[in-house]
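Each chain is listed here by its residues.
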Amino acid sequence: MKATGIVRRIDDLGRIVIPKEIRRTMRIHEGDPLEIYTESNGTVIFKKYSPIGELGEFASQYAESLSKVAGIPACITDKDNIIAVSGIPKKELREKKVSGELERVMQSKTVFLASAGDKGLRVLDENDHYGADVVAPIIFEGDSIGSVLFLSGSERAGELESKLAQTAAGFLGRTME
């Protein structure tokens, strides 16, 4: 845990304001759910809640099936991080923060399909080695909670992979119910 040097008081309704700098850095937006953890020494920890993250092993198996069927590396993300990877070494992408570009596509709730000759949508901000040919947002209760994506590679993803990603995203969204 890292100390920030910021001190806030709790108001008479039990609320505390999370400073704007921390919200921006941690990508916490109005309405985002936070989990609260406590320790016996009095430590209170707030962690962004990820409904897709709850699927853990299931998401990994689903990504593996998608990658095998399509013959292209596949990933499943929540709003902030990549939670499942298949078709490439997992350590390169798993649990990494998604790019601002990918976050915007998820927020738009529309499917992204790269055009011919395009490098694809940047998956990570700090590493442009990975691009996504297809991104299908996972929608739950009207909100985008993650995405299913196929990475750019030697094989170009097309309309069929787009439909496959949309089907997977739809299924995952309904699984959350």
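Small disclaimer: the values here were computed from a predicted structure and weren't measured.

## Thoughts on helix H3 (residues 100–108)
And step 1. Looking only at H3, the buried set comprises Gly100, Leu102, Glu103, Val105 and Met106.
And step 2. Along its buried surface, H3 packs onto strand S3 (74–78), strand S5 (112–113), strand S6 (121–122), strand S7 (131–140) and strand S8 (143–151).
And step 3. In the segment just after H3, Lys109 is the residue with positive phi, at about 60°.

## Notes on the packing of aromatic side chains
And step 1. Counting across every chain of the model gives 3 aromatic pairs.
And step 2. Aromatic rings pair up to connect Phe58, Tyr62 and Phe171 into one cluster.

## A word on the layout of surface pockets
And step 1. Its boundaries defined by the atoms lining it, the largest pocket holds a volume of some 1,700 Å³.
And step 2. In terms of lining, the largest pocket is formed by 45 residues, of which the most central are Ile28, Leu34, Phe46, Lys47 and Lys48.
And step 3. Where the lining of the largest pocket is concerned, the elements lending two or more residues are strand S1 (34–38), strand S2 (44–48), strand S4 (82–86) and S8.

Calculation rules
Residues numbered from 1 in each chain as written. Predicted model: local features only at pLDDT ≥ 70, side-chain atom pairs only at ≥ 80, totals over all residues. Heavy atoms only, no water. Buried < 20%, exposed > 50% of the residue type's maximum accessible area, 1.4 Å probe, protein only. Helix = DSSP H or I, 4+ residues; strand = E, 2+ residues; numbered from the N terminus. Contact = heavy atoms within 4.5 Å. Phe/Tyr/Trp six-rings, centres within 6.5 Å; stacked < 30°, edge-to-face > 60°. 1 Å grid on protein atoms, 1.4 Å probe; cavity = no way out; pocket = protein on both sides within 12 Å on 5 of 7 lines; lining within 4 Å. Points joined across faces, edges and corners; volume = space filled by probe spheres on them.

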